Amino acid sequence: MLRTVLSVTGRPGLFNIVSQGKGSLIVEELGSKKRLPIHARDKVVSLGDIAMYTESGDTPLGEILDKVYAHFDGKEIDVKTLVKEDGLKKAFEEIVEDYDRDRVYNNDIKKLFTWYNILIKNGFTKFTKEEETSEVKDEAQKD
């Protein structure tokens, strides 16, 4: 689900891949739907490739976003208030208790919450790919 959603260094917001050209990607900004080229020299990362540090190992961003969605009941987060009140780490700790406090910084949490808000505004409700249930697999094997 998050494989086609990109973050581009130096550009605010998130982008969907629309097309691929020679030495560039054509992306569409989530929200404004404005299309623009992203060149090979730009640093681009898929949200599906990002993980956050936890005490039990790296946790994929999709799993963290699902926890954020469940914690906030699918509502947007007031990131500015959390930043003003120094509540970013406290809010994140309620969601992911075992996050690595030495390697996850306030800026990382702020970016996560900002991305979450962008994704929610654009209709995302599930952030991880659901595994097939064993019943569905068994039915497919019978056919």
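See the structure printed just above.
Basis of the calculations
Residues numbered from 1 in each chain as written. Predicted model: local features only at pLDDT ≥ 70, side-chain atom pairs only at ≥ 80, totals over all residues. Heavy atoms only, no water. Core = buried A, V, L, I, M, F, W, Y, C linked by side-chain atoms within 4.5 Å. Buried < 20%, exposed > 50% of the residue type's maximum accessible area, 1.4 Å probe, protein only. Helix = DSSP H or I, 4+ residues; strand = E, 2+ residues; numbered from the N terminus. Contact = heavy atoms within 4.5 Å. Axes fitted to C-alpha atoms, helices over the stretch in contact; angles between N-to-C directions. Parallel < 35°, antiparallel > 145°, perpendicular 65-115°, else oblique. Nonpolar A, V, L, I, M, F, W, Y, C, P; charged D, E, K, R; others polar. Salt bridge = Lys/Arg side-chain N within 4 Å of Asp/Glu carboxyl O. Phe/Tyr/Trp six-rings, centres within 6.5 Å; stacked < 30°, edge-to-face > 60°. Lys NZ or Arg CZ within 6 Å of the ring centre and 35° of its normal.

A.B. asks: What's the story with the nonpolar core in this structure? I'm lost.
C.D. replies: One recurring pattern in soluble globular proteins is that nonpolar side chains are buried together. Leu-47, Phe-92, Leu-112, Phe-113 and Leu-119 are the most contacted members of the largest nonpolar core, which has 31 residues in total. Looking at this core, the elements that each hand over two or more residues are α1 (61-71), α2 (79-84), α3 (88-95) and α4 (106-121). Counting residues per element, this core draws most heavily on α4, at eight residues. With residues near it in sequence (within four places) discarded, Leu-112 still touches Met-52, Leu-61, Ile-64, Leu-65, Val-68 and Phe-92.

A.B. asks: In this structure, what is going on with the packing of α1 against α4? I would like to understand it.
C.D. replies: Helix packing geometry: the angle between the two helix axes and the distance between the axes. Close contact between α1 and α4 brings their axes to 11 Å; oriented N to C, the two are set at 75°. Taken together, the axis directions place α1 and α4 in an arrangement best described as roughly perpendicular. Residues Leu-61, Ile-64, Leu-65, Val-68 and Tyr-69 of α1 form the contact with α4, whose own contacting residues are Leu-112, Phe-113, Trp-115, Tyr-116, Leu-119 and Ile-120. Grouping the amino acids of the contact of α1 with α4 by side-chain chemistry returns eleven nonpolar, no polar and no charged.

A.B. asks: Looking at this model, I keep getting lost on the pattern of salt bridges. Mind explaining?
C.D. replies: For side chains of opposite charge, pairing can occur when their charged atoms come near one another. One pass over the full model with this rule turns up five salt bridges. Notably, a salt bridge pairs Arg-3 with Asp-49, separated by 2.1 Å at the nearest N-O pair. One end of the pair, Arg-3, is in the segment before β1 (5-8); the other, Asp-49, is in the loop between β5 (44-46) and β6 (51-54), and 46 residues separate them in sequence. Between Glu-76 and Lys-121 there is a salt bridge, with its nearest N and O atoms 4.0 Å apart. Of this pair, Glu-76 sits in the loop between α1 and α2 while Lys-121 sits in helix α4, and the two are 45 residues apart along the sequence. Taking the relative accessible area as the measure of exposure, Lys-121 reaches 59% and is therefore exposed.

A.B. asks: Before we go on, may I ask you to explain the packing of α1 against α3 in this structure?
C.D. replies: Two numbers describe how α1 lies on α3: the axes approach to 9 Å, and their chain directions differ by 100°. The orientation of α1 with respect to α3, classified from their angle, is roughly perpendicular. Judged by residue contacts, Ile-64, Lys-67, Val-68 and His-71 of α1 engage Phe-92, Glu-94 and Ile-95 from α3. Of the residues that constitute the contact of α1 with α3, the class distribution is four nonpolar, one polar and two charged.

A.B. asks: How should I be thinking about the packing of aromatic side chains in this particular structure?
C.D. replies: By convention here, two paired aromatic rings are described through the distance between centres and the angle between planes. Scanning the entire structure with this criterion turns up five aromatic pairs. A centroid spacing of 5.0 Å and a plane angle of 70° characterise the contact between Phe-92 and Tyr-99, whose relative ring orientation is edge-to-face. The same class applies to Phe-92 as to Tyr-99, namely buried. Taking the centre distance of 6.5 Å and the plane angle of 50° together, the rings of Tyr-116 and Phe-127 count as tilted. Taken together, the positions of Tyr-116 in helix α4 and Phe-127 in the loop between α4 and α5 (134-142) put the pair eleven residues apart, joining distant regions of the chain. Positioned above the aromatic ring of Tyr-99 is the side chain of Arg-101, whose terminal nitrogen or guanidinium carbon lies 4.5 Å from the ring centre.

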